[in-house]
Amino acid sequence: MTSAHLHSLVLGVNHRTCPVELREKLQIGKDSLADFVNKITMHPDKTEIVILSTCNRTELYAATENPDELLPKLYSVWTEHCNVSQDELKKHAYQYFHGEAIRHLLRVVCSLDSLVLGEAQIFGQVKEAYAQCRDLGCLGFYMNHLFQSAMTAGKRVRSETSINQGAVSISYAAVELAKKVMGDLSDKSVALIGTGEMGELAAQHLKKAGVKQFVIFNRSPAGAEKLAAAYDGQFFLLDDLEEKLDQCDIVISATGSPLIVVNKKQIQAVMRKRQGTALFLIDIALPRDIEASVNEINNVFLFTIDDLKDVVDQNFNARRSAAENAQIIIESEAKHIESWYYSLNVVPIVKLMREKYQQIAENELEKHLNINGTLSDTEIEALKKFSHSLMNKFLHDPSTQLKKMAEMGEGDLAGHFARTLFMLDLKDSDEQRQT
C-alpha cells in the first residue's frame, strides 16, 4: 500500500477549547504513551500516529485509510485511557482532516496556535513527540515526511519572520501577571517551586522585574541549590513547604509532577503564620501543582495558565504582522506537502510504465544483438546506453505530466489515461499499489 491511500486526521484539545481542569485529565504521559499508541495501531487498517501532549494541548495526529472509522476509535481509546466521558471530550475537542490537518500541524509547529504567540518551546516539544512515536515504531513513510516537512516550515518561519524576536514565554507571562497583581516586586519575596526550564525562565524574568528575595523549593537538593546560588536565594526541599512558605508573598509553581505538590491543608497552615497577609499563587504546571481548593482560603489568590490572557493578548498584538508573514509561509509549505501527497497516486503507475518499456527495450536490444553477433563489447555497451537513454527521453514527458495531473488532484484520471494509452495491466498496477 502506498501513502496515497492514507488520509491525515487530527483530534485534539487546547487552551482555547478546553479548561485547564479537563486538559490535565486528558494528558497522555510518556509512561503510558506506548500502551496508548498500541491500542490505536491495533486498528485493522494501517494507522500511523503521533501524540503531542503539552501543558496547553493534547493532540492525536494520525494517518489512516479510513478516517471515518478511526475517529470513533480515537475518542474511545482516549476517553477510556483518561477516564473521561466521550460526551465531555466531544464538547471541547476539535478535529481536522487532510488539508486542514496539515495546516493545523504547521501552525502548531510555527507557534501560531500557541497560548503565547512566537514561543520557542513548542518546536522542541513537537520534535520530541515525533521522535518518541517514531522510536515506538508507529510511524511510516507518510507521517515521517509530514513531520519532517513541518519542521522545515517551522525553521523557515523562525528564520524569515520576526515571530520569535522578543517573544514571551509562559514563565514571562506569569511574572507579568504577578506585576499586574502586586505592582512593584522589588520588595517582595518570591518562591519558585520546581527548577526545570519554566522555573529557570521564571527566575530570570523575576530578576529583571527587580525581585531580590528568592526561595527555591525542589524535590531534590541539587537542582534547588544550583538555582538558589544563581539568584542569591535560599533553597529547601518540597517537604519544607509548610514550614518555610510563610515568608513568601508570591509563589510560582512549575514542576513536572503528576501529583498535587501544594495542597489546601499546607496553605491553611501557612496563612495562620502570615496572620491574614495576602498570598498570591501562580500555577503554570500541567498537571496542576496546586490544589484548586486553596482559592477558598481567605486572602489566598490562585491563578493558573488560563489566567494569562491579558499578557497573551498584548503579545499577539505586538506580533500580528509577523504572524501574517508566517501564515504565508505556512500556506506555501502546506501546498508543497499536498502536491507531494497527490503525486504519490501515480508513482506505482509510472513505475509500472517504466518497467514495461524497459523490458520492451531490453527485448529489442537482445534481438538486435543476436542478429549482429559480431559487435564488440564496446559497441554493445554503447547500444545499451543508447537504448536506456532513448527510453528515458521517451518516457520523461508523459511521466512528468502524469505527476503534474496528480499534484492537481487528478490522480485517478491520470492513472486512467496512463493505463489506456500505454496499455498497462490494471491488475499489475493494483498489485504495485499494495507494495
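Residues numbered from 1 in each chain as written. Predicted model: local features only at pLDDT ≥ 70, side-chain atom pairs only at ≥ 80, totals over all residues. Heavy atoms only, no water.

Of regular secondary structure, the chain possesses 18 helices and 10 strands. Viewed in the frame of its principal axes, the chain has a C-alpha envelope of about 110 × 40 × 40 Å. For the chain, buried positions account for 50% of its 435 residues. Considering only contacts within the chain whose residues lie at least 6 apart along the sequence, 74% involve residues at least 24 apart. Of the roughly 21,000 Å² of accessible surface on the chain, a fraction of 50% belongs to carbon and sulfur atoms. Considering the chain, the positive charge centre built from 48 side chains and the negative charge centre built from 59 side chains are found 3 Å apart. (Helix = DSSP H or I, 4+ residues; strand = E, 2+ residues; numbered from the N terminus. Buried < 20%, exposed > 50% of the residue type's maximum accessible area, 1.4 Å probe, protein only. Contact = heavy atoms within 4.5 Å. Areas by Shrake-Rupley, 256 points an atom, 1.4 Å probe, with all protein chains shown as cover. Lys, Arg positive; Asp, Glu negative; His and termini not counted. Charge placed at Lys NZ, Arg CZ, Asp CG, Glu CD.)

This part covers the sheet that holds strand β2 (residues 47-53). On the basis of which strands lie adjacent, the open sheet formed by four strands has the order β2-β3-β1-β4 and antiparallel pairing. At either end of the open sheet lies a strand with only one pairing partner, and these are β2 and β4 (94-97). Strand-to-strand, the axes of this sheet are offset by a mean angle of 15°, without reference to chain direction. By the bridge criterion, seven bridges tie β2 to strand β3 (residues 57-64) in an arrangement that is antiparallel. Bridge pairing in β3 places Ile-49 opposite Ala-62. Strands in contact with helix α2 (residues 30-41) are β2 and β3; relative to β2, the strand with the most contacts, it is inclined by about 145°. Packing against the sheet, helix α3 (residues 67-82) makes contact with β1 (7-14), β2, β3 and β4, and its axis sits at approximately 30° to β1. (Pairing = 2+ DSSP bridges. Axes fitted to C-alpha atoms, helices over the stretch in contact; angles between N-to-C directions.)

Looking now at the packing of α2 against α3. As a packed pair, α2 and α3 sit with axes 10 Å apart at the nearest point and diverge in direction by 150°. The orientation of α2 with respect to α3, classified from their angle, is roughly antiparallel. For the pair α2 and α3, the sense of crossing is right-handed. Across the interface between the two elements, Ser-32, Asp-35, Phe-36, Lys-39 and Ile-40 from α2 touch Leu-70, Lys-73, Leu-74, Val-77, Trp-78 and His-81 from α3. (Parallel < 35°, antiparallel > 145°, perpendicular 65-115°, else oblique. Left-handed = near helix turned anticlockwise from the far one by under 90°.)

Attention shifts here to the environment of Lys-73. Assignment of secondary structure puts Lys-73 in helix α3. For the pair Lys-73 and Lys-39, spaced 34 residues apart in sequence, the C-alpha to C-alpha distance is 9.2 Å.

Take the confidence of the model for the chain next. Counting all residues, the mean pLDDT for the chain is 87, and 90% of those residues have values of 70 or more. Taken together, the stretch residues 428-435 has pLDDT below 50 and engages in 17 contacts with residues farther than four places along the chain or on a different chain. (pLDDT = per-residue confidence, 0-100.)

Let's shift gears to helix α10 (residues 221-230). Taken residue by residue, α10 has Ala-224, Leu-227 and Ala-228 as its buried positions. Viewed along the axis of α10, the buried residues span an arc of 100°, placing them on a single side of the element. Exposed and oriented more than 90 degrees from the buried face of α10 are Ala-222, Lys-226, Ala-229 and Ala-230. Where α10 is buried, its residues meet β5 (189-193), α9 (197-208), β6 (213-218) and β7 (234-237). Positive backbone phi, approximately 55°, marks Asp-232, located one or two places after α10. (Arc of directions from axis to C-beta.)

So, on to the side chain of Asn-14. Structurally, Asn-14 is set in strand β1. The class for Asn-14 is buried, based on a relative accessible area of 3%. Of note is the side chain of Asn-14, whose polar atom sits 3.3 Å from the side chain of Asp-113. Here Asn-14 is in contact with Arg-23, Asn-56, Arg-57, Tyr-94 and Asp-113, once residues within four sequence places are set aside. (Polar contact = N/O pair within 3.5 Å; in protein donor to acceptor, adjacent residues only side chain to side chain.)

In terms of burial, β5 is a largely internal element, five of the five residues being buried. Neither face of β5 is open: one carries Ser-189, Ala-191 and Ile-193, the other Val-190 and Leu-192, and all of them are buried. Bridge count for β5 against β6 is five bridges, and the pairing is parallel. When the bridges of β6 are listed, Leu-192 appears paired with Ile-216. As a crossover connection, the stretch from β5 through α9 into β6 is right-handed. The sheet contact formed by β5 and strand β8 (residues 250-253) spans four bridges and is parallel. Paired with Val-190 across the strands is Ile-250, a residue of β8. (Right-handed = clockwise from strand over helix to strand, strands pointing away.)

On to the environment of Cys-138, then. Among the structural elements, Cys-138 can be located in the loop between α6 (121-135) and α7 (141-160). Contact partners of Cys-138, with chain neighbours within four places excluded, come to Val-37, Thr-41, Thr-47, Glu-48, Ile-49 and Cys-133.

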